[in-house]
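Geometric and topological summary
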Amino acid sequence: MAERANDFWAEPYKLDSTINTGESEFFPSVSENGNLYFTREDPKTQRGFIYKSEFKNGKYQNPEKLPEHINEGVARFNATIAKDESFIIIPVFGMADSYGSTDYYISFYEAEKGWSEPLNMGEKANTSSRLEYSASFSPDGNYFFFMSARVDSSIKEKLT
């Protein structure tokens, strides 16, 4: 982590063992209030699961694995949280309604109900490729950037 002051970044430092364990943790996504969402691999199964660590009193709390229905499918990783934590986008491999491989799913959060069942984001975001993961939002939250294996037909023609 690195703090930004004015136009400069301070030296990065490692988060403590609450977040950084001996396991593999990756692809952090931070909400506006500082809560941290990330993938952590289970050492026994080597499968990644999405976790949340609340940021309270300037410190990250013990991470909690998100509910089973958020961590479904064969593999899920690189989740991206909305700034206000109202929704999360999760790349998932191995879902019955997949377009063929890894797809982007969205789940909405309501305080009374918790996380909704993840919904496939459809053909505008998903293809049959496995190369759909590592999404993010613009700093203002108005734009969603995502990886896709789509190739424009004019480019495809030049390649063949």
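Residues numbered from 1 in each chain as written. Predicted model: local features only at pLDDT ≥ 70, side-chain atom pairs only at ≥ 80, totals over all residues. Heavy atoms only, no water.

**Examining the sheet that holds strand β3 (residues 25-30)**
Here four strands make up an open sheet; going across it, the order is β3-β4-β5-β8 and the pairing antiparallel. If you trace the sheet from one side to the other, it starts and ends with β3 and β8 (64-65), each paired once. Bridge count for β3 against strand β4 (residues 36-41) is four bridges, and the pairing is antiparallel. Residue pairing across strands places S29 opposite Y37, the latter belonging to β4. (Pairing = 2+ DSSP bridges. Helix = DSSP H or I, 4+ residues; strand = E, 2+ residues; numbered from the N terminus.)

**What about the pairing of strand β12 (residues 102-110)?**
For a regular strand, side chains alternate in direction, first toward one face of the sheet and then toward the other. Relative to β12, strand β11 (residues 87-93) runs antiparallel, the two sharing seven bridges. When the sheet's bridge partners are listed, I88 is paired in β12 with S107. Pairing analysis gives two bridges linking β12 to strand β14 (residues 119-120), with the strands arranged antiparallel. Bridged to I106 within β14 is L119. For β12 and strand β13 (residues 114-115), the ladder comprises two bridges, and the chain directions are antiparallel. Note that in β13 the partner of Y109 across the bridge is W115. Connecting the antiparallel pair β12 and β13 is a turn made up of three residues.

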